[in-house]
Amino acid sequence: MQKISIHDEKKVKQLLVENGEKAFRYSQIENALYKNFIDDFDKMETLSKKAREILKENCFIDTLIVDTEKTSSNWQTTKILFKTETGEFIEAVIMRHLTWRVTLCVSCQAWCPMWCSFCATWKLGLLKNLTNYEIIEQIYYAAKLLNKEGNKLRNIVYMGMWEPMLNYDVVKETIDFANAQKKMDLANRRITVSTCWIVPWINRFTEDFSQTGLAVSLHAPNDEIRQKIMPVDHTYPLKDLMKSLDDYVAKTNKRIFYEYIMINWINDDIKLAHELGKLLEWRLAHVNFIPYNEWEWTSSDWFKTTPRFIIEKFQKILQHYGVVSTIRMTMWDDIDAACGQLANKKWE
Ligand code: SAH
């Protein structure tokens, strides 16, 4: 018989009942796993010996193997390279902010099929959609590691290797896991999903995630430039994208985070700042400027980071249109864990 992930509440409860145990025993498992971070069935002493035996025989706690774990020189970032049981490599990144707030960036696909020209991830192709437990195990691993440091996981961003809309049902289950009070206990507003926005998923997303943070990879204020760097824009041009986002805001009244990667000579002409301002001035929007993270396959050719003063100029122009924006710090460059650099580069 195939073993069950211990994180799969429904199946584990069913297993307990089928073996003559009460379903409420599951809350003892939850306490052991998520409060005390006991990840060994033999050490779950609050459970009866019989229950432990049932679990040992039928369940597993983790399938992901840590291949490499590396922390940046300033200790703010830890990148973990996991190997799945089917042999793919996936990555998760822990970001410790100066305020002690901690964010985990998870991967949901190995790797990504969206082909954005500036990103390292798609160069690897799409190997597979991850399962719910492969995502949950990334979250659990980070929560456990932070617990050892006397800290706590506060935020999760779905910004790793993948396009969340293409693994939607699984993503939904893992957000439910993160939300659950007896599991990760993270409010929806502490979770952000980043997507280049596959338009047909809008209705389901709006219904299921009306309180979850939404970040959209915009990267250009017109189709001409967006299509050059993001092939998805051919299928879902800006007019469709903005219409679906307007519907989302009308239903949820939530501000959308627009990600705008700054690539020199590609999408950082000052006139584009005005175009961006006009596009967003009447919308509930927050723009996140991401200085382009160079990586070895593109940086030598034609993609370079926009100089800081131009990004600041963009910000000033947006202010003029009443659009709020921030410039994202890149604090994890030295371990290749920044956006777009999750390409399974192994470290010595
Ligand atoms: N597929 C999702 C998640 C991608 S990664 C999405 O499109 O939103 C998260 C963010 O990093 C996206 O906005 C992505 O466009 C951006 N990104 C990708 N490569 C980058 C790079 N080299 N430098 C900076 N940001 C990058």
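Residues numbered from 1 in each chain as written. Predicted model: local features only at pLDDT ≥ 70, side-chain atom pairs only at ≥ 80, totals over all residues. Heavy atoms only, no water.

(A) Here's a closer look at the sheet that holds strand 13 (residues 285-291). What the 10 strands build is an open sheet, ordered 3-4-5-6-9-10-11-12-13-14; its pairing is mixed. Lying at the two open borders of the sheet, with one neighbouring strand each, are strand 3 (65-71) and strand 14 (324-327). For this sheet the average axis-to-axis angle between neighbouring strands, irrespective of direction, equals 20°. Strand direction decides the pairing type here: strand 13 and strand 14, joined by four bridges, are parallel. The partner of N288 across the bridge, within strand 14, is T326. (Pairing = 2+ DSSP bridges. Helix = DSSP H or I, 4+ residues; strand = E, 2+ residues; numbered from the N terminus. Axes fitted to C-alpha atoms, helices over the stretch in contact; angles between N-to-C directions.)

(B) Region of the structure containing the domain arrangement of the protein. The assigned domain composition of the protein is domain 1 (4-60) and domain 2 (65-335). Across the contact, 13 residues belong to domain 1 and 11 residues belong to domain 2. Approximately 1,100 Å² of surface area, both sides summed, lies buried where domain 1 meets domain 2, with 61% of it carried by carbon and sulfur atoms. If you sort the residues of domain 1 by the area they bury against domain 2, H7, Y34 and F37 come out on top, with a joint share of 55%. (Domains from an automatic or database assignment. Contact = heavy atoms within 4.5 Å. Buried area = accessible area lost by both parts, 1.4 Å probe.)

(C) Just the site of the ligand, in detail. Around the ligand there are 18 residues in total, and W162, S194, S217, H219 and N293 lie nearest to it. A distance of 3.4 Å separates an oxygen atom of the ligand from a polar backbone atom of C196. At 3.4 Å, a side-chain N or O of E259 approaches an oxygen atom of the ligand. Tallied by class, residues from the shell around the ligand come to 10 nonpolar, six polar and two charged. (Near = heavy atom within 4 Å. Polar contact = N/O pair within 3.5 Å; in protein donor to acceptor, adjacent residues only side chain to side chain. Nonpolar A, V, L, I, M, F, W, Y, C, P; charged D, E, K, R; others polar.)

(D) Structural detail: the pairing of strand 11 (residues 213-217). Burial runs high along strand 11: five of the five residues are buried. Burial along strand 11 is two-sided: the residues G213, A215 and S217 and L214 and V216 are all buried. Bridge count between strand 10 (residues 191-195) and strand 11: four bridges; the pairing is parallel. Looking across to strand 11, one finds that T195 is bridged to V216. Once you follow strand 10 into helix 6 (residues 202-208) and on to strand 11, the crossover reads as right-handed. Bridge count between strand 11 and strand 12 (residues 256-262): three bridges; the pairing is parallel. (Buried < 20%, exposed > 50% of the residue type's maximum accessible area, 1.4 Å probe, protein only. Right-handed = clockwise from strand over helix to strand, strands pointing away.)

(E) Expanded view of the packing of aromatic side chains. Enumeration over the complete set of coordinates arrives at 13 aromatic pairs. Consider the rings of Y168 and W201, whose centres lie 4.9 Å apart with planes at 20°: the pair is stacked. Highlighted residues: Y168 in helix 5 (residues 168-179) and W201 in the loop between strand 10 and helix 6, separated in sequence by 33 residues. Both rings, one in Y168 and one in F209, keep their centres 5.8 Å apart while their planes meet at 75°; by these two values the pair is edge-to-face. Of this pair, Y168 sits in helix 5 while F209 sits in the loop between helix 6 and strand 11; the two residues are 41 residues apart in sequence, bridging distant segments of the chain. Residue class for Y168 comes out buried when judged on its relative accessible area of 3%. (Phe/Tyr/Trp six-rings, centres within 6.5 Å; stacked < 30°, edge-to-face > 60°.)

(F) Here's a closer look at the environment of N129. Residue placement: N129 occurs in strand 8 (residues 126-129). Sequence separation of N129 and C112 is 17 residues, and the distance between their C-alpha atoms is 9.1 Å. Apart from residues lying up to four places away in sequence, N129 is in contact with C108, Q109, L166 and N167. Looking at N129, its side chain comes within polar contact range of the side chain of Q109, at 2.7 Å. At a separation of 3.5 Å, a polar atom in the side chain of N129 contacts the main-chain carbonyl oxygen of L166.

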